[in-house]
2 protein chains.
Amino acid sequence: MPRQITAYSNPLVKSVRDLRDKRHRREQRRFLAEGLRILTEAREAGRLPVLLFFAAQSAGHPLVGTLVAAVEAAGGEAIETTPDILSKLSGKDNPQAVVGVFEEFDTPLAAIDRQAAGIWLVAERLRDPGNLGTILRTGDAVGAGGLILIGECVDPFSVEAVRASMGALFTVPVVRSEWQPFLDWLRLGPGQLVGLSLDTDHDYRSARYTAPTFLLTGNEAQGMPDEYAAACDLLVKIPMLGKADSLNAAVATAVMAYEVLAQQRG
Amino acid sequence: MPRQITAYSNPLVKSVRDLRDKRHRREQRRFLAEGLRILTEAREAGRLPVLLFFAAQSAGHPLVGTLVAAVEAAGGEAIETTPDILSKLSGKDNPQAVVGVFEEFDTPLAAIDRQAAGIWLVAERLRDPGNLGTILRTGDAVGAGGLILIGECVDPFSVEAVRASMGALFTVPVVRSEWQPFLDWLRLGPGQLVGLSLDTDHDYRSARYTAPTFLLTGNEAQGMPDEYAAACDLLVKIPMLGKADSLNAAVATAVMAYEVLAQQRG
């Protein structure tokens, strides 16, 4: 039987609300995910929140009922609350029907089976949480084995990244690594490292990709360091006919990933 | 000689700051764009701000000097100010070196020369300003003739949309129209209307596109109404292998636009 919390000042509400902040996420090793669609995606991927807040009004919704039952069966706690408190937790005026608190998870490089997928996404010093989430969502769509984050990237467990991922955070493994350990690991087995670059004449459509392909996208503002580019097996360029000579990082990753997918599917 | 404003309470500062709000943009018919890169892009595209705020510290930067001179030569006003006030104007802790106030502009459908480009982007009920800006940026990159916004879309002049466009707002014409006038106009001349859909088996890579191609992307959450899909010459699907069966709208638009571009370039 779910506990009820209706008081704004409840200390649990404050500690969950704090998870919007990176420092508190790091201390608690927990993060927030919001919305029935994303939490259902998580449940189907075998990830359940340790705490589930839901609005009394939506208790009758079948997907909410399924979530509550699954959370309680797994030893988590479901908490019935008010729209006001859900708003406070999600930081939005129109709160979602459910807010979940999850334990953080991480995939170490060593746990990756590189042969499990034809495409792997690699991003270095990604700054924008929306880009990170969008790249995860694209990763889900192209059947990528995972997203490998190199160097100091934005937190994949930030509220904005989780939201932009539309649940893909729960379906696409995320690895965090520094550059050298990643490169050392990569060279222990098969893997074509393909870097997106402006400094090459090699068109991304005429290049040939061999699975497993690791697609490396550089920092939004600066691209990748020369050293990283030099380590790539192949540098390719997406043509740009306009004035700005740049694409959004998540867009460039997706255009590349779909070209690789098309080639690998024959 | 630029005027100086150093008082936070200056009424001009307040009225410019108000442009972050849609109601005020509509009343003043003006909008904000920030940052040397975006404002230089605008200048090169022949768009100059009517008001230009710059930090005293950056007055020596050659691009700032060029902007100030261009604004003053065109009858606008350049205003030297403090980092604090620039922060207030841009709503960011690390303010840009320059903030510009531009007159809104709009391209009517009737002003479009459809033969001027092989690709046109069309989006209906787009809700997210980041998506709108990102689509404009992609439009610049693929050499699109313009972006046609159908129905109630997010404001292309919002601070977030302008920022995400990285200046493409100034290089890619934006048309706002309702559906029926757009369709009536489209059918007056050549133009293949291609809709992105989940309800078709027609793969986007095996379809054939004929210029001018009008790529229609539906609302982020709901896709396009059946009536719009029925009016398309062709519905195509981007394969999705994952669990979520969805892509970010700006990503889907870009994957499609690059396929059309590749075909049209032969």
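Residues numbered from 1 in each chain as written. Chains lettered and ligands numbered in written order. Predicted model: local features only at pLDDT ≥ 70, side-chain atom pairs only at ≥ 80, totals over all residues. Heavy atoms only, no water.

Per an unreviewed UniProt entry, the recorded name for chain A is RNA methyltransferase, and the organism is Sphingomonas metalli. UniProt, in its Sequence similarities (unreviewed entry) section for chain A, records the words "Belongs to the class IV-like SAM-binding methyltransferase superfamily. RNA methyltransferase TrmH family." (UniProt positions renumbered as here; feature names shortened; annotations may be inferred.)

## Quick word on helix H10 (residues 249-264) of chain A
The periodicity of an α-helix, 3.6 residues per turn, causes residues three or four places apart in sequence to face the same way. Residues and elements named next belong to chain A. Under the 1.5 Å per step criterion, the end-to-end length of H10 is 22 Å for 16 residues, consistent within 8% with the ideal 22 Å. Measuring from the backbone nitrogen of alanine 250 back to the side-chain oxygen at the start of H10 gives 2.8 Å, which picks out asparagine 248 as the cap. Backbone geometry just downstream of H10 places glycine 266 in the positive-phi region, at approximately 80 degrees. (Helix = DSSP H or I, 4+ residues; strand = E, 2+ residues; numbered from the N terminus. Expected span 1.5 Å × (residues − 1). Polar contact = N/O pair within 3.5 Å; in protein donor to acceptor, adjacent residues only side chain to side chain.)

## Some remarks on the interface of chain B and chain A
Of the residues lining the interface, 32 residues belong to chain B; the matching set on chain A comes to 32 residues. With both chains or domains summed, chain B and chain A bury close to 2800 Å², and 55% of this area falls on carbon and sulfur atoms. Looking only at chain B, the three residues that lose the most surface to chain A are Arg137(B), Leu241(B) and Tyr258(B), adding up to 20% of its buried area. In this structure, the connection of chain B to chain A is made through 2 salt bridges. For the interface between chain B and chain A, the tally reads 16 residue pairs in polar contact (both at pLDDT 80 or more). No other element matches helix H10 (residues 249-264) of chain B, which puts 8 residues into the side of chain B that touches chain A. In the side of chain B that touches chain A, the residues fall into 16 nonpolar, 7 polar and 9 charged. (Contact = heavy atoms within 4.5 Å. Buried area = accessible area lost by both parts, 1.4 Å probe. Salt bridge = Lys/Arg side-chain N within 4 Å of Asp/Glu carboxyl O. Nonpolar A, V, L, I, M, F, W, Y, C, P; charged D, E, K, R; others polar.)

## Description of the side chain of Asn131(A)
Residues and elements named next belong to chain A. Here asparagine 131 is to be found in helix H6 (residues 129-142). For asparagine 131, a relative accessible area of 8% translates into the label buried. In contact with asparagine 131, other than residues within four places in its own chain, are Leu126, Glu220, Asn248, Ala249 and Ala250. (Buried < 20%, exposed > 50% of the residue type's maximum accessible area, 1.4 Å probe, protein only.)

## As for the sheet that holds strand S1 (residues 3-5) of chain B
What links the strands of a sheet is backbone hydrogen bonding, and the strands pair in either a parallel or an antiparallel sense. Residue and element names in this part refer to chain B. The strand order across the open sheet built from 5 strands is S1-S4-S3-S5-S2, with neighbouring strands paired in mixed fashion. Unpaired on one side and paired on the other, S1 and strand S2 (30-34) mark the two borders of the sheet. Taken pair by pair, the neighbouring strands of this sheet meet at an average axis angle of 25 degrees, ignoring direction. In this structure, S1 lies alongside strand S4 (residues 77-81), joined through 3 bridges in parallel fashion. Bridge pairing in S4 links isoleucine 5 to threonine 81. Sitting on the sheet, helix H4 (residues 62-73) is in contact with strand S3 (51-55), S4 and strand S5 (98-103), with an inclination near 155 degrees to S3. The sheet strands contacting helix H5 (residues 83-90) are S1, S2, S3, S4 and S5, and the helix crosses S3 at an angle near 130 degrees. (Pairing = 2+ DSSP bridges. Axes fitted to C-alpha atoms, helices over the stretch in contact; angles between N-to-C directions.)

## Quick word on the domain arrangement of chain A
Residues and elements named next belong to chain A. For chain A, the assigned domains are domain 1 (3-103) and domain 2 (109-264). One C-alpha centre belongs to domain 1, the other to domain 2; they are set 31 Å apart. Counting from both sides, the interface comprises 16 residues of domain 1 and, opposite them, 11 residues of domain 2. Around 1300 Å² of area is buried between domain 1 and domain 2 when both sides are counted, 64% of it from carbon and sulfur atoms. The tally of links between domain 1 and domain 2 comes to 2 salt bridges. Put simply, arginine 163 and glutamate 34 hold a salt bridge, and the shortest N to O gap is 3.1 Å. For the interface between domain 1 and domain 2, the tally reads 2 residue pairs in polar contact (both at pLDDT 80 or more). Here the side of domain 1 that touches domain 2 is built from residues that sort into 7 nonpolar, 1 polar and 8 charged. (Domains from an automatic or database assignment.)

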